[in-house]
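# Structure at a glance
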Amino acid sequence: MGIIRDTRGAKTTRGAKTTRAAKRTRSATQAVRAYLRSAPGTYIWLAALFVTTVAMHHMSPEFEKEFLLQRSTNIHELTKNPVRVLVASAFWIDGGTWLSYAVLYTVFHSTAERWLGTARWLAVAAGAHVMATLLSEGVLALAIRHGAAPTSSVNTLDVGVSYALAGVIAVLTYWVPSPWRYAYLLIVLAVYGTPLITGRTFTDLGHFTSALIGLACYPLTRSAVRPAPESWKLRRSQKP
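Residues numbered from 1 in each chain as written. Predicted model: local features only at pLDDT ≥ 70, side-chain atom pairs only at ≥ 80, totals over all residues. Heavy atoms only, no water.

Secondary structure assignment for the protein yields 11 helices and 0 strands. Reading the helices (α) and strands (β) of the protein from amino to carboxyl end gives α-α-α-α-α-α-α-α-α-α-α. Residues classed as buried in the protein amount to 38% of the 240 residues present. Considering only contacts within the protein whose residues lie at least 6 apart along the sequence, 77% involve residues at least 24 apart. For the protein, the exposed surface amounts to about 14800 Å²; the carbon and sulfur share of it is 65%. (Helix = DSSP H or I, 4+ residues; strand = E, 2+ residues; numbered from the N terminus. Buried < 20%, exposed > 50% of the residue type's maximum accessible area, 1.4 Å probe, protein only. Contact = heavy atoms within 4.5 Å. Areas by Shrake-Rupley, 256 points an atom, 1.4 Å probe, with all protein chains shown as cover.)

Take a look at the structure:
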């Protein structure tokens, strides 16, 4: 006597599982898209850095050095084409990996952009990048003039996004609620102040200056459209 197996139930179960998996995939995709759209400037910039990083991997070491020097915010290029190199230098990574910057951009830049809004976030990042570059290169020019630095320093390689990042990290001090804000501020000052004391290079000065510029952007945070998450706030027990 043959055994008749009813496969309809099994097919229905498999179909239900497939449907649930598809729904979870769509939900996850929509969540990722919503997250990226919440900080468009951050992720457009990060995408541009990905493209330029891939391009750098296809360059020979000699060509890469010459290519980056032409986009470097050194004294020579700032004297010739200040606007061009100030913009171009912010789209190349000198040292570090793109993935590490993807993490840093997600943690700091995207948080600041969602909190401040794209325009004010960009003002902080661009202000830190431009002003810290000009100040640090101005100090380097004085050092060269007084013999404290070699004349070859006018052509030093100086590209990257670290000044803008430092400014944004610093401005997030006002996003962190008290009492954690003061601990965060001390960490920021230690991270960018210690190298200035121990190394005293023009890039150390640039990073510390960027942090100070970020802190000076407090007026931009006073009417921020997105407050800090409620989960960060300490819950105080009510007095009886």
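Take helix α8 (residues 162–171) next. Burial within α8 is extensive, with 9 of its 10 residues counted as buried. Regarding α8, the residues found buried are Y163, A164, L165, A166, G167, V168, I169, A170 and V171. Buried residues belonging to α8 abut α2 (40–57), α6 (98–116), α7 (118–145), α9 (180–198), α10 (202–216) and α11 (218–221).

Before going further, it helps to spend a moment on the packing of aromatic side chains. Enumeration according to the criterion identifies 6 aromatic pairs in this entry. Between W45 and Y105, the ring centres sit 5.2 Å apart and the planes meet at 75°, which makes this aromatic pair edge-to-face. Highlighted residues: W45 in helix α2 and Y105 in helix α6, separated in sequence by 60 residues. Just as W45 is buried, Y105 falls in that class too. Three or more aromatic residues link up through ring pairs in this structure, and these residues are W45, Y105 and W121. (Phe/Tyr/Trp six-rings, centres within 6.5 Å; stacked < 30°, edge-to-face > 60°.)

Further remarks concern the pattern of salt bridges. Taken as a whole and judged by the stated rule, the model has 1 salt bridge. Among the salt bridges present, the one from R84 reaches E77, with a minimum N-O distance of 3.3 Å. On the basis of relative accessible area, E77 is assigned to the buried category, the value being 7%. (Salt bridge = Lys/Arg side-chain N within 4 Å of Asp/Glu carboxyl O.)

Our next topic: unusual backbone geometry. S178 connects to P179 through a cis peptide bond whose omega is 0°. With respect to the helices, strands and loops of the structure, P179 is situated in the loop between α8 and α9. For R200, which is not glycine, the phi torsion reads 55° and is therefore positive. On the secondary structure map, R200 appears in the loop between α9 and α10. The class of R200 is exposed, set by a relative accessible area of 69%.

This next bit is on the nonpolar core. Looking at soluble globular proteins, one finds that nonpolar side chains tend to be buried together. One finds W45, Y105, I169, L172, Y184 and V188 to be the most contacted residues of the largest nonpolar core, which totals 34 residues. Those elements giving two or more residues to this core turn out to be α2, α6, α7, α8, α9 and α10. Apart from residues lying up to four places away in sequence, I169 is in contact with F108, Y184, V188 and Y192. (Core = buried A, V, L, I, M, F, W, Y, C linked by side-chain atoms within 4.5 Å.)

As a further point, take the side chain of S89. Relative to the assigned elements, S89 resides in the loop between α5 (82–88) and α6. When residues no more than four places from it in sequence are discounted, the contact partners of S89 are R71, T73, H129, D158, V159 and G160.

Further remarks concern a nonpolar patch on the surface. Taken together, the side chains of F50, V51 and V54 define a hydrophobic patch exposed on the protein surface, amounting to about 260 Å² of accessible area. A residue is classified by how much of its surface remains accessible, and F50, at 43% relative accessible area, is partly exposed. (Patch = residues over 30% accessible without salt bridge, like charges linked within 9 Å, V, L, I, M, F, W, Y side chains within 5 Å.)

By secondary structure assignment, the location of T52 is in helix α2. Among all residues touching T52, those that are not within four sequence positions of it are F91 and W92.

With that settled, the discussion passes to the environment of L46. With respect to the secondary-structure elements, L46 resides in helix α2. Spatially, the C-alpha atoms of L46 and Y105 are 7.5 Å apart, while their sequence positions differ by 59 residues. If we ignore the near neighbours within four places in the chain, the residues touching L46 are W98, Y101, A102 and Y105.

What follows is about the packing of α9 against α10. Put simply, α9 and α10 touch, their axes get as near as 7 Å, and they point 155° apart. One finds that α9 runs roughly antiparallel with respect to α10. Judged by the twist between their axes, the crossing of α9 over α10 is left-handed. Seen from α9, the contacting residues are L185, V188, L189, Y192, G193, P195 and L196; seen from α10, they are D204, L205, H207, F208, A211 and L215. (Axes fitted to C-alpha atoms, helices over the stretch in contact; angles between N-to-C directions. Parallel < 35°, antiparallel > 145°, perpendicular 65-115°, else oblique. Left-handed = near helix turned anticlockwise from the far one by under 90°.)

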